[in-house]
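Chain and residue survey
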Amino acid sequence: MSALTEARHRITPEDYGSDLAGASILVIDDEPGMRNFLLKTLEPRVKRIEMAASADEASAKLDEHHFDLVILDNVMPNKTGLEWVLEQRRLGFLADTILITAYADLETAIAALRAGVSDFVLKPFRANQIVSAVARTLDRKYLRRDNTLLRHELNSDPQSGRLLGTSDVMSEVRAMLKKLAPLPTPVLFTGASGTGKELAARHLHQLSDRASRPFVTINCAAIAPDHIAEELFGINGPGDDLKPGLFLLADGGTLFLDEIAQMPEQAQAALLRALDDQRVRPIGAEREFPLNLRLLFATNANLEEAVEQGRFRADLYHRMNVVRIHMPPLKDRSEDITELAALFIGQFSTTLGLPALELSAETLLKMRRYDWPGNVRELKNLIERSVILGEFPPEFDGDSRVTGARAMENLDDVVQRHILRILDLCGGNRAEAARRLGVSRKTIDRKVAVWEG
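Residues numbered from 1 in each chain as written. Predicted model: local features only at pLDDT ≥ 70, side-chain atom pairs only at ≥ 80, totals over all residues. Heavy atoms only, no water.

Turning to the sheet that holds strand β1 (residues 24–28), a few remarks are in order. With respect to topology, 5 strands assemble into an open sheet ordered β2-β1-β3-β4-β5, the strand pairing being parallel. At either margin of the open sheet sits one strand with a lone partner, and together these are β2 (48–52) and β5 (119–122). Adjacent strand axes in the sheet meet at a mean angle of 20°, parallel and antiparallel pairs treated alike. In this sheet, strand β4 (residues 96–101) lies alongside strand β3 (residues 69–73) in parallel orientation, the contact comprising 5 bridges. Each bridged residue has a counterpart across the sheet, and for valine 70 the counterpart in β4 is threonine 97. Of the strands in this sheet, β1 and β2 are in contact with helix α4 (residues 55–64), which crosses β2 at around 145°. Against the sheet, helix α5 (residues 81–91) touches β1, β3 and β4, its axis set at about 145° to β3. (Pairing = 2+ DSSP bridges. Helix = DSSP H or I, 4+ residues; strand = E, 2+ residues; numbered from the N terminus. Axes fitted to C-alpha atoms, helices over the stretch in contact; angles between N-to-C directions. Contact = heavy atoms within 4.5 Å.)

With 39 residues, the main nonpolar core has Phe247, Leu257, Ile260, Met263, Leu271, Phe297 and Met320 as its most contacted residues. Mapped by element, the contributors of at least two residues to this core are β7 (215–219), α10 (228–233), α11 (246–249), β10 (254–258), α12 (265–277), β13 (294–299), α13 (303–308) and α14 (314–320). Per element, the largest residue contribution to this core is 6 residues, and it comes from α12. One finds Leu42, Ile49, Leu69 and Val134 within the second-largest nonpolar core, a separate group that totals 24 residues. (Core = buried A, V, L, I, M, F, W, Y, C linked by side-chain atoms within 4.5 Å. Buried < 20%, exposed > 50% of the residue type's maximum accessible area, 1.4 Å probe, protein only.)

One pair of aromatic rings is described through two measures. These are the centre distance and the angle between the planes. Counted according to the given criterion, the structure contains 7 aromatic pairs. Each ring, one from phenylalanine 233 and one from phenylalanine 247, has its centre 5.1 Å from the other, and the planes form 45°; the classification is tilted. Of this pair, phenylalanine 233 sits in helix α10 while phenylalanine 247 sits in helix α11; the two residues are 14 residues apart in sequence, bridging distant segments of the chain. When its relative accessible area of 4% is taken as the criterion, phenylalanine 233 is described as buried. When its relative accessible area of 1% is taken as the criterion, phenylalanine 247 is described as buried. Ring centres of tryptophan 372 and phenylalanine 396 lie 5.4 Å apart, and the angle between their planes is 15°; on these two criteria the pair is classed as stacked. A residue pair is termed long-range when its members are at least 10 positions apart, and tryptophan 372 in the loop between α16 (361–369) and α17 (375–389) and phenylalanine 396 in the loop between α17 and α18 (404–409) qualify at 24 residues. (Phe/Tyr/Trp six-rings, centres within 6.5 Å; stacked < 30°, edge-to-face > 60°.)

What follows concerns the pairing of β4. The buried fraction of β4 is high, at 6 of 6 residues. What you see with β4 is no split at all: Asp96, Ile98 and Ile100 on one side and Thr97, Leu99 and Thr101 on the other are buried throughout. Crossover β3 to β4 through α5 is right-handed. Bridge count for β4 against β5 is 4 bridges, and the pairing is parallel. Within the sheet, the bridge partner assigned to isoleucine 100 lies in β5 and is valine 121. (Right-handed = clockwise from strand over helix to strand, strands pointing away.)

All right, on to the sheet that holds β13 then. Here 5 strands make up an open sheet; going across it, the order is β7-β10-β13-β6-β14 and the pairing parallel. Since the sheet does not close on itself, it has two edges, and those belong to β7 and β14 (323–326), each with one partner. Neighbour-to-neighbour, the strand axes of this sheet turn through a mean angle of 20°, independent of strand direction. Where strand β6 (residues 187–190) lies against β14, 4 bridges are found, and the strand directions are parallel. Looking across to β14, one finds that threonine 190 is bridged to histidine 326. On the sheet, helix α8 (residues 168–180) packs against β6, β13 and β14 and is oriented at approximately 155° with respect to β14.

Once that is clear, we can look at the packing of α8 against helix α9 (residues 197–207). At a minimum axis separation of 9 Å, α8 and α9 run at an interaxial angle of 40°. Relative to α9, α8 is oriented oblique. Judged by the sense of rotation from one axis to the other, the crossing of α8 with α9 is right-handed. Residue-level inspection shows Leu177, Lys178 and Leu180 of α8 in contact with α9, the latter providing Ala200, His203, Leu204 and Leu207. Counted by class, the contact of α8 with α9 contains 5 nonpolar, 1 polar and 1 charged residues. (Parallel < 35°, antiparallel > 145°, perpendicular 65-115°, else oblique. Left-handed = near helix turned anticlockwise from the far one by under 90°. Nonpolar A, V, L, I, M, F, W, Y, C, P; charged D, E, K, R; others polar.)

In short, shape yes, function no, at least from these values alone.
Dropping the structure here:
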């Protein structure tokens, strides 16, 4: 076994992290021997690798597929590698580039930097040298992507946390999310503000095989209408410098478009094309890039009404509305309030460095009977304010001697909260409440008499 072959077999994807194993690479070299060497070296370690024997063949492959990295020979017939890179940048070029060359003069190095080449490797080289260069370049590429997405996420102030609740309606939501997780189907989340549409979308992403890839949230109402296309699809700017949009940065992951009803009409048309063709073209670029995305949408508006009024494209609405998941308001899942309130108290006590509040049976009863027009977000804000002040507001305060776990788990208190909530929903009609609860009217009368006594 030769030294090169031995070195190649000693290298594994684990030596360089998961980025290498998930990468797609295009090799461009007119020498069959070099193409064969790079294929044998990299194919066992990456997700996909393709070969091109000329610049024209490489251009055709870029039009059809997205590549994370291009390995490019500089000296080729008709056109140098650097000339090809500059040409592709004018069309729209997203991949990072490693230049391989036997001529390492200063002029070539400067030209490579100006062309945006990420790294170059001198011929002849060993297998471990090219694998190290590939891994190093991909690490930098994904670090830039992650930094961009992190800045975006910090600016968008996303909800954080888990999708909680054991109520029947939330169990139905979870079951539907589990069923949809392995599918590429678009999903439209509806429901009032604060019901947890983004949390449900994140939960779906985590259940899918894309969980290790980016989850990118875009609030369509928070981006200026004249900048939304650039933000979403990217732009080929001055000096042919391609700034990828969030669609391309989220490659392989999930893109969640919130407040979709607020998207401008021009951007709606571009989004429809992206959904239909699974490709996106940055502003000013001549090349379209293939997409590998799961697209999720959310709105608290009536999209059917927006379509009727001409504010939202009917064809886009029908393309998005393949599967709809309605997030229930908190008043329809009030049995989840105890779990949510306890979680928020723990979170804010830790992050703010303040004592946790005790949840009394009386406080939980008042919370259960309140309608929560602001839904989970209103409950979360109430808990944060109460932890800061060290007490609940008078309308939720309680002096019950039963607090903590006993207040949350005591069967009599749980039954009382549930029956009184159903009575509230029935407008005090005890016969109707008994019918909904599946008990006799006398049972309701007897329990209410005890509580009022």
